[in-house]
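# Summary of the model geometry
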Amino acid sequence: MSEVSSNSHSTELTSQYIAQVTGDLERNAKEQERVGAEIEALQEQLRALRHDHTVLVNMQDALGGPGSTPGAEAAAAPSVPHQVSAEPKQSKGKKAAATGAKKTAPKKPAAKASSVKASTAAAKPTLVELIRGHLEKQTEPRSAAEITTALTQAHPDRSVKTTVVRTTLEGLVAKSHAHRTKQGSSVFYTTAVTSELAPAEPQQETVSD
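Residues numbered from 1 in each chain as written. Predicted model: local features only at pLDDT ≥ 70, side-chain atom pairs only at ≥ 80, totals over all residues. Heavy atoms only, no water.

## Quick word on the packing of helix α6 (residues 127-137) against helix α8 (residues 162-174)
Short version of the rule: Helix axes use the C-alpha atoms of the stretch in contact, all axes being lines fitted to C-alpha atoms, and the angles between their N-to-C directions lie in the range 0 to 180 degrees. For helices the rule is a DSSP run of H or I covering at least 4 residues; for strands it is a run of E covering at least 2, with both sets numbered from the N terminus onward. What sets the label is the angle itself: under 35 degrees gives roughly parallel, over 145 gives roughly antiparallel, 65 to 115 gives roughly perpendicular, and the rest give oblique. Contact criterion: two residues are considered in contact whenever any of their non-hydrogen atoms come within 4.5 Å of each other. Three classes are used, and their members are as follows: Ala, Val, Leu, Ile, Met, Phe, Trp, Tyr, Cys and Pro are nonpolar, Asp, Glu, Lys and Arg are charged, and the others, Gly among them, are polar.
Two elements in contact, α6 and α8, have axes separated by 10 Å at closest approach and are oriented at 75 degrees. When the interaxial angle is binned, α6 and α8 end up roughly perpendicular. Taken together, the residues of α8 that come into contact with α6 (itself represented by L127, V128, I131, R132 and L135) are V164, V165, T168, L169 and L172. Here the residues of the contact of α6 with α8 are counted per class, giving eight nonpolar, one polar and one charged.

Structure (structure tokens):
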């Protein structure tokens with residue numbers, strides 16, 4: 001009888017260990033999926049920030065911002081002391097010509113670079129821009145799964161995952177670019193513009209009364 005009881009006890013322990021290990025594996029897999037989705041969303045945001053930075057730098061150069069003016073003055077400054085006493089009029093003319101050449105030269109490549117960047121941005125917008133644009137067109141709250149389905153149908157060439165969309169939406173909520181509402185166990189999102197305009201309507205009605 002003792003052998004039978006010991007065997008049954010070891011069998012129960014083995015089954016408990018199997019159940020515990022199985023649960024740990026499921027939790028580990030879910031955690032890996034969550035972290036991977038956050039990494040993909042952060043990489044998408046980083047690419048968007050780098051793209052915006054490049055476009056802004058090109059626009060600054062094209063408009064003759066502070067980055068190009070000091071360089072032109074520094075290039076023209078050494079030629080002034082050598083020609084002040086001998087030919088003051090010619091030195092002024094040379095300085096003006098040098099500064100004019102420095103200012104006009106970088107404009108052409110900068111304009112071309114900005115046009116190329118603008119065309120690439122128009123050709124392939126970021127996931128954040130797609131989600132914000134989709135929310136602005138909606139009149140009712142949408143879930144992450146509904147937004148993923150709509151973006152997949154509108155952009156079949158892009159791989160859009162629900163986990164990445166949900167993480168991106170949470171990032172927009174954190175920046176007050178979107179609002180989150182919960183109905184039961186489901187979470188829905190709306191654009192910040194729509195939700196901000198909604199409370200303004202009763203105020204206009206009270207003023208008109």
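Having seen the structure, we can now continue with the description.
## Digging into α6
For an α-helix, the turn length of 3.6 residues means that residues three or four places apart are oriented alike. For the record, the criterion: Only protein chains enter the accessibility calculation, which uses a 1.4 Å probe; a residue whose area is less than 20% of its type maximum is buried, one above 50% is exposed, and one in between is partly exposed. Arc, as used here, means the arc of the directions from the helix axis to the C-beta atoms.
Inspection of α6 places L127, V128, L130, I131, H134 and L135 among the buried residues, and these make up the whole buried set. Within α6, the buried residues cover an arc of 165 degrees as seen down the axis, which keeps them to one side.

## What to know about the pattern of salt bridges
Put simply, the rule is: Salt bridges are identified by distance alone: a Lys or Arg side-chain nitrogen within 4 Å of an Asp or Glu carboxyl oxygen.
The final tally for this structure, using the stated rule, is eight salt bridges. With a shortest N-O distance of 2.7 Å, R34 and E38 are connected by a salt bridge. Here the residue R34 and the residue E38 both occupy positions in helix α1 (residues 2-62), the gap between them amounting to four residues, near one helical turn. Judged by relative accessible area, which is 40%, R34 ranks as partly exposed. Owing to a relative accessible area of 33%, E38 belongs among the partly exposed residues under this scheme.

## Quick look at helix α7 (residues 144-154)
All of the buried residues along α7 are A144, I147, T148 and L151. Angular distribution of buried residues about the axis of α7 spans 100 degrees; they occupy a single face of the element. On its buried side, α7 packs onto α6, α8 and β2 (186-191).

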